[in-house]
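Given next are the chains, with one letter for each unit.
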Amino acid sequence: CGKGFFLYDFKLYKPNTSIYGIDISKYALQNAKEEIKENLVLGNANDLPWDDNYFDLVVSINTLHNLYSFDLEKALKEMERVGKNKYLCVESYRNEFEKTNLLYWQVTCEAFNTPEEWRWWFRKTNYNGDYSFIYFE
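Residues numbered from 1 in each chain as written. Predicted model: local features only at pLDDT ≥ 70, side-chain atom pairs only at ≥ 80, totals over all residues. Heavy atoms only, no water.

Visitor: Can you explain the overall build of the protein? Please cite residues and give values.
Guide: A tally of helices and strands in the protein yields five helices and five strands. The order of helices and strands in the protein, counted from the N terminus, is α-β-α-β-β-α-β-α-α-β. Over its C-alpha trace the protein gives a radius of gyration of 15 Å, about what one expects of a compact globule, namely 14 Å for 137 residues. Over its C-alpha atoms, taken along the principal directions, the protein stretches across nearly 45 × 30 × 25 Å. Classification of the 137 residues of the protein by burial places 37% in the buried group. Pairs at least 24 residues apart make up 66% of the contacts formed inside the protein by residues separated by at least 6 positions. Accessible surface for the protein amounts to roughly 8,500 Å². Of this, 50% is attributable to carbon and sulfur atoms. When the 16 positive and 21 negative side-chain charges of the protein are each reduced to one mean point, those points stand 2 Å apart. (Helix = DSSP H or I, 4+ residues; strand = E, 2+ residues; numbered from the N terminus. Rg over C-alpha atoms; globule rule 2.2 N^0.38 Å. Buried < 20%, exposed > 50% of the residue type's maximum accessible area, 1.4 Å probe, protein only. Contact = heavy atoms within 4.5 Å. Areas by Shrake-Rupley, 256 points an atom, 1.4 Å probe, with all protein chains shown as cover. Lys, Arg positive; Asp, Glu negative; His and termini not counted. Charge placed at Lys NZ, Arg CZ, Asp CG, Glu CD.)

Below is the structure:
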């Protein structure tokens, strides 16, 4: 969730909603938006600290690319476990040009997958949520 800006905006849109975020960065959480800070948790996507089906909606936007394969598998299973509805957005490539652009963009990217490979991951982990891809054209 980084510093919680997306969560803050979502809370403005739906003020009566309970919202939580998780991030591995102590710095991000310490410097998060004050209005949402108390709802942010230090942790990792591959071991979410919430019960099964705890959330009506779980969202992951442009974060799963940071995970190694063994953590990616756990994270997708965790999203499926804690959320009744899910949405994720991941970076992908459809050709060598887009792959090259993705490689130039990435700093911490570990999961370089084509759309077909991402769909394989979704099937392997029984991820049944919605998803979309971002391409670096």
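Visitor: Any details on the pattern of salt bridges? Residues and values, ideally.
Guide: Throughout the structure, instances matching the rule amount to ten salt bridges. E35 is the partner of K33 in a salt bridge, and the nearest nitrogen-oxygen pair spans 3.7 Å. As a salt-bridge pair, D52 and R81 come within 2.9 Å of each other at their nearest N and O atoms. Remark: R81 occurs in helix α3 (residues 69-82) and D52 occurs in the loop between β2 (40-42) and β3 (55-61); sequence separation between them is 29 residues. The exposure class of D52 is exposed, given its relative accessible area of 53%. On the basis of relative accessible area, R81 is assigned to the partly exposed category, the value being 24%. Taken together, the shared-partner salt bridges connect D52, E78 and R81 into one network. (Salt bridge = Lys/Arg side-chain N within 4 Å of Asp/Glu carboxyl O.)

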